[in-house]
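Per-entry structural report
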Amino acid sequence: MTALARKRGGSTMGWTGQEIATATGAAAGAEASPAACLAVSTDTRHLAVGALYVALRGAHHDGHAFAAAALSGGATAVLVEQLPPGVEPRRAFVVADTLRALGDLAAFTRRRWGGRVVAITGSNGKTTTKEMLGAICEAAEPGRVLRTHGNLNNLIGLPLTLLRLDGSETTAVLEMGMNAFGEIARMTEIAAPDVGVITNVGPAHLEGVGNLSGVARAKGELFAGMTAAGAIAVNMDDPHVVRAAADFSGRRIEFGRGRTVRAEAIDDRGVDGVAFTLSIGAAQASIRLHGAGAHNVQNALAASAVAHALGIEIGVIAAGLAVAEQPKMRMQVIRLRNGVTLINDAYNANPASTEAALDAVGRTPGRAIAVLGEMRELGDDSAALHGRVGAHAAAAGVEWLIAAGPGVETLADGARRAGNIEVSVCSDAAAAAALIATRWQRGDVILIKGSRGPDEEPGVRVYGARMVEVVARLTDLGGVA
């Protein structure tokens, strides 16, 4: 995570010492300093001159150990839970909980700014929907949109995103992820969204919330935390989302089959994208999405419903969707010189997203191959869900499944039991790539997908996600066309 919220040139959104103290409830000290802080950072490796350095505690580090170095490196002041060695009291804001204070400062900034905030959560499609909506808002008001970058979608990343506001923006499009109950509720409290959308509810992060009902409850914290003055876009094709929206008393924009915002005449073109007719009430527009997979139609409907809630006309929505870029490592199409097509969906994996990706590859002309790693954070249901995905690979038309890395035995077993599919098991990503390279042929379409590992796991820091190593090795061997 790039832990820096930087103010752009001409910013009107810096913070005086008194504002920081008021927003965070800090004890007296740095509030008396006449110098304003012009940025917020939680990482001394990405420290802007004039920044407020926030010392966060993590499982493997304590930011307080770097507070003095932050001041030496150009920070104006530090936000800490106790005064660290080498830090003068006059340059420190002392609070009970720096993570909470970071969110409080972001909430203060969001309310002072006063623009429109959109919050997007869901088990699948959050980032793609965010990018689509961001492109739509840019088409409506070029250069006046802030959106979540990368994976800055948690209790650290969302505040840092809001703290990047410089006052020129009219709309902020924020992604919200979660691993446990209460996280989305807190992010909703910080962001005070004007419009919210839950893309869908599926089996993801089960270790933190127990079961699918827990996922629905955790995602539903978005709608529960919004006021009747706001609006929500409701996926009427997902019963969990429908239930989460039941008690919301504000404006509702419904999307899905037969709803206000809907897709008609869908033409799935496999790796060449998908075309459809977008209907919003009686208005219609022809849409062509670049991303592979018919599931992206649902993401486009979610983005379109939010845009409609924001008052954006269908022609502008269509223009934005036409230029929306597919996020990297999410159904990213890579064509090789040897005639093989890679589908890099290696950013992360859960059962629903993996099944959707398998469906997309199975519908694409050519021999369908899938390289799948384990799906993490599935709790007690992990074995059953891996087996289900293996069986789904066979049903989707995948001809060859390579299960790679640890935790994939039940995935392979599920495919074998389903039959009509070749199954190989490899110890790691390097072995999987080497095996494919001995047998690939022109016209093959290869899906690569698996869960991220923790940052301290060997290789994850380098590749970003475990299965990206497969993509990197095959790209090197085949050459990008």
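Since the structure is predicted, the reported quantities are computational estimates derived from the model, not experimental observations.

Rules and cut-offs
- Residues numbered from 1 in each chain as written.
- Predicted model: local features only at pLDDT ≥ 70, side-chain atom pairs only at ≥ 80, totals over all residues.
- Heavy atoms only, no water.
- Helix = DSSP H or I, 4+ residues; strand = E, 2+ residues; numbered from the N terminus.
- Rg over C-alpha atoms; globule rule 2.2 N^0.38 Å.
- Buried < 20%, exposed > 50% of the residue type's maximum accessible area, 1.4 Å probe, protein only.
- Contact = heavy atoms within 4.5 Å.
- Areas by Shrake-Rupley, 256 points an atom, 1.4 Å probe, with all protein chains shown as cover.
- Phe/Tyr/Trp six-rings, centres within 6.5 Å; stacked < 30°, edge-to-face > 60°.
- Lys NZ or Arg CZ within 6 Å of the ring centre and 35° of its normal.
- Arc of directions from axis to C-beta.
- Core = buried A, V, L, I, M, F, W, Y, C linked by side-chain atoms within 4.5 Å.
- 1 Å grid on protein atoms, 1.4 Å probe; cavity = no way out; pocket = protein on both sides within 12 Å on 5 of 7 lines; lining within 4 Å.
- Points joined across faces, edges and corners; volume = space filled by probe spheres on them.
- Nonpolar A, V, L, I, M, F, W, Y, C, P; charged D, E, K, R; others polar.
- Salt bridge = Lys/Arg side-chain N within 4 Å of Asp/Glu carboxyl O.
- pLDDT = per-residue confidence, 0-100.
- Pairing = 2+ DSSP bridges.
- Right-handed = clockwise from strand over helix to strand, strands pointing away.
- Axes fitted to C-alpha atoms, helices over the stretch in contact; angles between N-to-C directions.
- Parallel < 35°, antiparallel > 145°, perpendicular 65-115°, else oblique.
- Left-handed = near helix turned anticlockwise from the far one by under 90°.

Looking now at the overall build of the protein. Looking only at helices and strands, one finds 18 helices and 20 strands in the protein. Expected size for 481 residues packed as a compact globule is a radius of gyration near 23 Å; at 23 Å, the protein falls within 12% of this value. Classification of the 481 residues of the protein by burial places 57% in the buried group. Within the protein, counting contacts between residues at least 6 apart in sequence, those at least 24 apart form 65% of the total. A total accessible area of about 18500 Å² is found for the protein, and carbon and sulfur atoms account for 51% of it.

Summed over the entire model, instances satisfying the criterion amount to zero aromatic pairs. The ring of phenylalanine 181 carries arginine 217 above its face, with NZ or CZ at 3.9 Å from the centroid. Positioned above the aromatic ring of tyrosine 347 is the side chain of arginine 330, whose terminal nitrogen or guanidinium carbon lies 3.8 Å from the ring centre.

With that settled, consider helix α12 (residues 314-323). For α12, the set of buried residues is Ile314, Ile317, Ala318, Gly320 and Leu321. End-on view of α12: buried residues confined to an arc of 165°, all on one side of the axis.

A word on the nonpolar core. By size, the foremost hydrophobic cluster in this structure holds 83 residues, and its most contacted members are Val40, Leu52, Leu358 and Leu447. Here this core takes six residues from helix α3 (residues 98-113), the largest share from any one element. Counting residues in hydrophobic clusters, the runner-up holds 39 residues, among them Val274, Ala300, Ala305 and Ala324.

Below, the discussion takes up empty space enclosed by the protein. Going through the model one piece at a time under the given rule, you end up with three cavities of 30 Å³ or more. By volume, the largest cavity amounts to about 60 Å³. Lining the largest cavity, in full, are Thr128, Met132, Leu289, His290, Gly291, Leu321, Ala324, Glu325 and Gln326. Looking at the lining of the largest cavity, its residues break down into four nonpolar, four polar and one charged.

On inspection of all chains with the given rule, the structure shows 27 salt bridges. A salt bridge links arginine 112 to glutamate 19, with the nearest nitrogen and oxygen atoms 3.3 Å apart. With a gap of 93 residues between them, arginine 112 in helix α3 and glutamate 19 in helix α1 (residues 17-24) connect regions that are remote in the sequence. Judged by relative accessible area, glutamate 19 falls into the partly exposed class, the value being 22%. The salt bridge partner of aspartate 104 is arginine 100, with a shortest N-O separation of 4.0 Å. Taken together, the positions of aspartate 104 and arginine 100, both in helix α3 and four residues apart, correspond to about one turn of that helix. One continuous salt-bridge network, built from bridges that share partners, spans Arg100, Asp104, Arg186 and Glu189.

Another point: the confidence of the model for the protein. Averaged over all residues, the pLDDT of the protein equals 91, while 93% of them reach at least 70. Long-range and interchain partners of residues 6-11, a stretch whose pLDDT sits below 50, account for 15 contacts in this model, where long-range means more than four residues apart. In the model, residues 459-464 has pLDDT below 50 throughout and makes 11 contacts with residues more than four positions away in sequence or in other chains.

Next up on the list: helix α6 (residues 183-191). If you check which residues of α6 are buried, you get Ile184, Arg186, Met187, Thr188, Ile190 and Ala191. Those residues of α6 that are buried lie in contact with α3, β6 (116-121), α5 (157-162), β8 (171-175), α8 (212-219) and α9 (221-225). Count one or two residues on from α6 and you reach alanine 192, which has phi positive near 45°.

A separate point is the pairing of strand β10 (residues 231-235). Where a strand is regular, its side chains alternate between the two sheet faces. Of all the five residues making up β10, five are buried; the element is thus mostly covered by neighbouring parts of the structure. Judged by which residues are buried, β10 turns out to be covered on both faces: Ala231, Ala233 and Asn235 on one side and Ile232 and Val234 on the other are all buried. As paired strands, strand β9 (residues 195-198) and β10 are joined by three bridges and run parallel to one another. Bridged to valine 197 within β10 is alanine 233. For the handedness criterion, the β-α-β arrangement of β10, helix α10 (residues 239-244) and strand β11 (residues 251-255) is classed as right-handed.

Moving on to the sheet that holds strand β18 (residues 400-404). Across the sheet, six strands lie side by side as β15-β16-β20-β17-β18-β19; this open sheet has mixed pairing. Lying at the two open borders of the sheet, with one neighbouring strand each, are β15 (332-335) and β19 (422-426). The average angle at which neighbouring strand axes cross in this sheet is 20°, direction not considered. When strand β17 (residues 368-372) meets strand β20 (residues 445-449), the two strands line up parallel, connected through five bridges. Looking across to β20, one finds that valine 371 is bridged to isoleucine 448.

Following both chains from N to C, one finds helix α4 (residues 126-140) and α12 inclined at 125°, their axes separated by 7 Å at the closest point. With respect to α12, the element α4 is oriented oblique. Crossing of α4 against α12: the hand is right-handed. Judged by residue contacts, Met132, Ala135, Ile136, Ala139 and Ala140 of α4 engage Val316, Ile317, Gly320 and Leu321 from α12. Of the residues contributing to the contact of α4 with α12, the split by class is eight nonpolar, one polar and no charged.

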